[in-house]
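Here is what each chain is made of, one letter per residue.
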Amino acid sequence: MNKQQEKKKHFYQKRSFRITVGSIIGVVALTLFIFRVSPAPGAWVIRSVFDRNSAKILTALEKHQPSITVDSVLNQQYRKNDTDAQLDVYYPATTPKDTMLPTIIWTHGGAWISGDKSNDAPYFKLLPAERLTVVALDYSLAPEHQYPTPVHQMNDAYAYLQKNASHFHIDTNKFILAGDSAGAQLSSQMGAIVTNPKYARTVGVAPSLKPSQLKGLILNCGIYMMDGLTEPNPTLPKLIGWGDDISVWAYSGTKDFSDPVIKQMSAYYHVTKDYPPTYISGGNADPLTNAQAKPFADLLTSLGVDVTENFFADDHKPALPHEYQFNLDNQDGVTAFQKTIEFAIAQTK
């Protein structure tokens, strides 16, 4: 190969290298730009991670079988022309036709962008052993759907359950709203909507439940101050904080976390002395416990609300992570399950 050919070869190699590097830089820049202008890419990343974790939890729960035969009615559409609006119902198979049972309505977690009512189905099948009906709700996920869509869906679900109460063995005078993580946020907000008429009007919801029908709330590992997730918070690791920012942006529809809608969806700012009796829990290794659950429990107690706390010392072993209550292979998870049942029975006597 002569010198001229070598020069040409080097020229084309350098040009190819520059094109490759330029393309990579362009792709990275475009990706960063997309992540900055839309929550969707980040939300989809988080969703994939959450979905894998949910599958692991489901596999672990499937080892635990109810002590009685439980009947289920699955995939009931509770809202017309809304395929996301589905619910499952579980109740003891031996329930006489004319017997209505206290009912727990459980809303799943998943940072508002992931999750499904079936993720924790084995857990829901265990609860009816205590003569309860359990309803698991689905709702529309962000970023495809945003606030307040799930709030209106849940309110419609409550109406649907009352209309079909005899079919599902539901005592319409004895409801308990429950949830975990984002589901706890949603259920806590619904509790405020049901018991605070002024707030209900602000949100634009005519509650399907009367305060007298709502006997309590079961809240696990939840978020009650949405602004507490988005403001600089030393209790939240950086990566978790990024995920929270993306999730809140995807759900609320705003990147401006000073927007009034952020506090509107936060139960902390809208509870009154009429808020229902509340069971509230969180693991000692879950950053949300000290940042969210304990302050909310303190506020409710200061208002005179009947609060049942299930928290743990900071040095408790084993360290209990987010959603610890679904780990029934751990004694703390079993105890939380028992306390959940005790609370439900006590509030619906």
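Look up: the structure comes first, before these words.
Residues numbered from 1 in each chain as written. Predicted model: local features only at pLDDT ≥ 70, side-chain atom pairs only at ≥ 80, totals over all residues. Heavy atoms only, no water.

Novice: What is the right way to look at the pattern of salt bridges in this model?
Specialist: Side chains that differ in charge, positive against negative, can pair when their charged atoms come close. Scanning the entire structure with this criterion turns up six salt bridges. Across the pair Arg79 and Asp156 runs a salt bridge, and its minimum N-O distance is 2.6 Å. Of this pair, Arg79 sits in the loop between strand S1 (70-77) and strand S2 (86-92) while Asp156 sits in helix H4 (residues 149-163); the two residues are 77 residues apart in sequence, bridging distant segments of the chain. Relative accessible area serves as the criterion here: at 24%, Arg79 is assigned to the partly exposed category. On the basis of relative accessible area, Asp156 is assigned to the partly exposed category, the value being 29%. Where Asp274 meets Lys273, a salt bridge forms, and the shortest distance between an N and an O atom there is 3.3 Å. Residue Asp274 is classed as partly exposed on the basis of its relative accessible area of 45%. Given a relative accessible area of 60%, Lys273 falls into the exposed group. One salt-bridge network, held together by shared partners, links Arg79, Asp82 and Asp156. (Salt bridge = Lys/Arg side-chain N within 4 Å of Asp/Glu carboxyl O. Helix = DSSP H or I, 4+ residues; strand = E, 2+ residues; numbered from the N terminus. Buried < 20%, exposed > 50% of the residue type's maximum accessible area, 1.4 Å probe, protein only.)

Novice: Whenever I open this one, the pairing of S2 confuses me. Can you help?
Specialist: Within a regular beta strand, the side chains point alternately toward one face of the sheet and then the other, so they alternate between its two faces. Buried residues dominate S2, accounting for seven of its seven residues. With six bridges connecting them, S1 and S2 associate as antiparallel partners. Bridge pairing in S2 links Val70 to Pro92. (Pairing = 2+ DSSP bridges.)

Novice: Can you help me understand the side chain of Ser188 in this one?
Specialist: With respect to the element layout, Ser188 can be found in helix H6 (residues 182-195). Its relative accessible area of 0% is what places Ser188 among the buried residues. Only 2.8 Å separates the side chain of Ser188 from the backbone oxygen of Gln185, close enough to count as a polar contact. Discounting residues that sit within four places of it in the chain, Ser188 has contacts with Leu217, Leu219, Ile223, Tyr224, Ala267, Tyr275 and Phe296. (Polar contact = N/O pair within 3.5 Å; in protein donor to acceptor, adjacent residues only side chain to side chain. Contact = heavy atoms within 4.5 Å.)

Novice: Would you mind going over unusual backbone geometry with me for this structure?
Specialist: A negative phi angle is the norm for most residues apart from glycine, just as the trans form is the norm for most peptide bonds. Pro148 follows Tyr147 through a cis peptide bond whose omega is 10°. Cis geometry is adopted by the peptide bond preceding Pro318, which originates at Lys317 and carries an omega value of 0°. Positionally, Pro318 belongs in the loop between strand S8 (307-310) and helix H12 (331-347). Even without being a glycine, Trp112 presents a positive backbone phi close to 70°.

Novice: What exactly am I supposed to notice about the sheet that holds strand S5 (residues 170-180) here?
Specialist: Remark on secondary structure: sheet strands pair via backbone hydrogen bonds, oriented parallel or antiparallel. The strand order across the open sheet built from eight strands is S1-S2-S4-S3-S5-S6-S7-S8, with neighbouring strands paired in mixed fashion. Two strands close off the open sheet at either side, each with one partner strand: S1 and S8. Across the sheet, the axes of successive neighbouring strands diverge by a mean angle of 15°, strand direction being ignored. Bridging between strand S3 (residues 101-107) and S5 involves six bridges; their strand directions are parallel. Paired with Thr107 across the bridge in S5 is Gly179. Sitting on the sheet, H6 touches S3, S5 and strand S6 (214-220), and the angle it makes with S5 is about 135°. (Axes fitted to C-alpha atoms, helices over the stretch in contact; angles between N-to-C directions.)

Novice: What am I meant to see in the environment of Asp51 here?
Specialist: Mapped onto the secondary structure, Asp51 falls in helix H2 (residues 40-61). C-alpha separation for the pair Asp51 and Gly115, spaced 64 residues apart in sequence, amounts to 6.7 Å. Once you skip the residues sitting within four places of it in the chain, Asp51 turns out to touch Ser114 and Gly115.

Novice: Looking at this structure, how should I read H4?
Specialist: An α-helical segment advances 3.6 residues per turn. Residues three or four places apart therefore align on the same side. Across its 15 residues, H4 extends 21 Å between first and last C-alpha, which sits within 8% of the 21 Å expected from 1.5 Å per residue. Turning to H4, its buried residues number three or more, namely Pro150, Val151, Gln153, Met154, Asn155, Ala157, Tyr158, Tyr160 and Leu161. (Expected span 1.5 Å × (residues − 1).)

Novice: Help me understand the side chain of Thr103 in this model?
Specialist: Tracing the sequence through the fold places Thr103 in strand S3. Within the structure, Thr103 has its side chain in polar contact with the backbone oxygen of Leu101 (distance 3.0 Å). What Thr103 contacts, discounting residues up to four positions off in sequence, is Thr133, Val135, His169, Ile170, Asp171, Lys174, Phe175 and Ile176.

Novice: I keep staring at the nonpolar core and nothing clicks. Help me out?
Specialist: Nonpolar side chains in soluble globular proteins tend to be buried together. Core analysis: the biggest nonpolar cluster contains 69 residues, and Trp112, Leu137, Val151, Tyr158, Tyr251, Ile280 and Phe296 have the highest contact counts within it. Tallying contributions element by element places H6 first for this core, with seven residues. Beyond its immediate chain neighbours, meaning those up to four positions away, Val151 contacts Leu186, Gln189, Met190, Ile193, Val203, Val205 and Tyr251. Within the second largest apolar cluster, 28 residues are counted, among which are Ala136, Cys221, Phe326 and Ile341. (Core = buried A, V, L, I, M, F, W, Y, C linked by side-chain atoms within 4.5 Å.)

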